[in-house]
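Listed here are the chains, written in short residue letters.
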Amino acid sequence: MKIAIHGRNFNESARPFIENMFDELARRKVEVQLSKSFRTFLDQAGISHYSELVYEKPEELFDARLIVSMGGDGTLLETISHVGSRQTPAIGINVGRLGFLATVSPERITDMIAALENSQFRIDERTLVEVESNVDLFDGLNFGLNDFTITKTDTSSMITVHTYLNDEFLNSYWADGLIVSTPTGSTGYSLSCGGPVLVPHSQNFIVTPISPHNLNVRPLVVEDTAVIRLEVKSRSSNFLVSLDARSRIVDENTQLLVRKAGFIARLIKMKDDSFLNTLRSKLSWGLDMRN
């Protein structure tokens, strides 16, 4: 079995589990390729690993059967950007904080490796959002698993986002910004701005305003076959665009089209991993705080 691994810094409490993972992979003679940034962190932390194979750019990934993300949800989002149209299945080990996507605890790494080797898992296919523009906004990585976001820059007043749905005018949002979220991203930034939670396989996007000037403006659920065109006006003549964890400031002449990507993300889920269970756990649903 050949696997790739990407990760970020993690708490010292996770060290024994990470070391045990590499010991277990070596015992099973699994061929491993590490992201260069994660390899550097492991070397600096003094964590031994037996792999000499590294990748720095997505195109340098070898033909892995799967890719492992070690961190929180943000790390898994980065991992999906490394995979791209290869659609290599990805699994997240949660050595970070709140995790809707990275759901494997460090204590279960050994069980996870055994399940992966014996194909005792399922593949969860997730929609990606894609951004088209007249400029290269994200170094060719114009897709995301969670959301695409437009926000004002730190020093500017609210912006106006003229929004069109399949070339039909929808609304002009006077707000701090606007989020176009996938069902996967519905538990992220969109949720904190009042957006609804969608189950992962809903064939929809959510258009969620950020602190709108008009209180009668509410999040809107649209079909994911829609093409969303966005025109932004700002007193500062610029604004911030973000696609998952990648962001940059652009000027208001930037043209933006948002649509469903032509490929998907494939998330590996253990057989006992349930979105509804995770939702109840992370949002404390059914918990009576009075008791």
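The rules behind the values
Residues numbered from 1 in each chain as written. Predicted model: local features only at pLDDT ≥ 70, side-chain atom pairs only at ≥ 80, totals over all residues. Heavy atoms only, no water. Helix = DSSP H or I, 4+ residues; strand = E, 2+ residues; numbered from the N terminus. Rg over C-alpha atoms; globule rule 2.2 N^0.38 Å. Buried < 20%, exposed > 50% of the residue type's maximum accessible area, 1.4 Å probe, protein only. Core = buried A, V, L, I, M, F, W, Y, C linked by side-chain atoms within 4.5 Å. Contact = heavy atoms within 4.5 Å. 1 Å grid on protein atoms, 1.4 Å probe; cavity = no way out; pocket = protein on both sides within 12 Å on 5 of 7 lines; lining within 4 Å. Points joined across faces, edges and corners; volume = space filled by probe spheres on them. UniProt positions renumbered as here; feature names shortened; annotations may be inferred. Axes fitted to C-alpha atoms, helices over the stretch in contact; angles between N-to-C directions. Parallel < 35°, antiparallel > 145°, perpendicular 65-115°, else oblique. Left-handed = near helix turned anticlockwise from the far one by under 90°. Nonpolar A, V, L, I, M, F, W, Y, C, P; charged D, E, K, R; others polar. Phe/Tyr/Trp six-rings, centres within 6.5 Å; stacked < 30°, edge-to-face > 60°. Lys NZ or Arg CZ within 6 Å of the ring centre and 35° of its normal. Pairing = 2+ DSSP bridges.

With respect to the overall build of the protein
Moving on, step 1. The helix and strand inventory of the protein stands at six helices and 17 strands.
Moving on, step 2. Relative to its length of 291 residues, the protein is compact, with a C-alpha radius of gyration of 20 Å against a globular reference of 19 Å.
Moving on, step 3. With the principal axes as the frame, the protein shows a C-alpha extent of 60 × 50 × 35 Å.
Moving on, step 4. Counting only residues that meet the buried cut, the protein has 49% of its 291 residues in that class.

Details of the nonpolar core
Moving on, step 1. Counting 29 residues, the largest nonpolar core has Ile-5, Phe-10, Ile-18, Met-21, Leu-42, Met-70 and Ile-93 as the members making the most contacts within it.
Moving on, step 2. Elements supplying a minimum of two residues to this core: strand S1 (2-7), helix H1 (15-27), strand S2 (31-35), helix H2 (36-45), strand S4 (66-71), strand S5 (90-94), helix H4 (109-117) and strand S17 (256-270).
Moving on, step 3. Excluding its chain neighbours within four sequence positions, the residues that come into contact with Met-21 are Ile-5, Met-70, Ile-93, Ile-109 and Ile-113.
Moving on, step 4. Counting residues in each nonpolar core, the second largest holds 26 residues, with Val-131, Leu-230, Leu-256 and Val-258 among its members.

A short note on the layout of surface pockets
Moving on, step 1. Size it by volume and the second largest pocket reaches roughly 210 Å³.
Moving on, step 2. The greatest single-element share of the lining of the second largest pocket, amounting to three residues, is contributed by helix H6 (residues 275-283).

Examining the UniProt feature "active site" (unreviewed entry) in the protein
Moving on, step 1. The UniProt record marks Asp-73 with the feature "active site" (unreviewed entry), using the residue numbering of this structure.
Moving on, step 2. Counting through the fold element by element, Asp-73 comes out in helix H3 (residues 73-83).

Here we look at the packing of H1 against H4
Moving on, step 1. At a minimum axis distance of 9 Å, the contact between H1 and H4 shows a crossing angle of 30°. Here H4 runs roughly parallel to H1, going by the angle between their axes. Where H1 crosses over H4, the two elements pack in a sense that is right-handed. Contacts from Phe-17, Ile-18, Asn-20, Met-21, Glu-24 and Leu-25 of H1 reach H4 at Ile-109, Thr-110 and Ile-113.
Moving on, step 2. Taken together, the residues of the contact of H1 with H4 break down into six nonpolar, two polar and one charged.

Observations regarding the packing of aromatic side chains
Moving on, step 1. Enumeration over the complete set of coordinates arrives at four aromatic pairs.
Moving on, step 2. The interplanar angle of 20° and the centroid separation of 6.4 Å between the aromatic rings of Phe-38 and Phe-41 together place this pair among those described as stacked. Here the residue Phe-38 and the residue Phe-41 both occupy positions in helix H2, the gap between them amounting to three residues, near one helical turn. Note on accessibility: Phe-38 and Phe-41 belong to one class, buried.
Moving on, step 3. Ring geometry for Phe-143 versus Phe-263: centroids 5.1 Å apart, planes at 75°, classification edge-to-face. Taken together, the positions of Phe-143 in strand S7 (residues 143-144) and Phe-263 in strand S17 put the pair 120 residues apart, joining distant regions of the chain.
Moving on, step 4. According to the relative accessible area criterion, Phe-143 is buried, its value standing at 6%.
Moving on, step 5. Ring pairing ties together the aromatic residues Phe-10, Phe-38 and Phe-41, which thus form one cluster.
Moving on, step 6. In this structure, Lys-2 packs its charged tip against the face of Phe-62, placed 4.8 Å from the ring centre.
Moving on, step 7. Stacked on the ring of Tyr-164, the Lys or Arg Arg-229 has its end atom at 4.1 Å from the ring centre.

Structural notes on the pairing of strand S6 (residues 121-133)
Residues in a regular strand point their side chains to alternate faces of the sheet.
Moving on, step 1. In the sheet, S6 pairs with S17 via 12 bridges, with the strands oriented antiparallel. Paired with Phe-121 across the bridge in S17 is Met-270.

With respect to the sheet that holds strand S8 (residues 147-151)
Moving on, step 1. Read across the open sheet, the six strands follow the order S13-S12-S11-S8-S15-S16; overall the sheet is antiparallel. Both edges of this open sheet fall to strand S13 (220-223) and strand S16 (246-251), since each of them pairs with a single strand only. Direction aside, neighbouring strands of the sheet carry axes that sit 20° apart on average.
Moving on, step 2. Note that S8 and strand S11 (residues 177-181) share five bridges and pair antiparallel.

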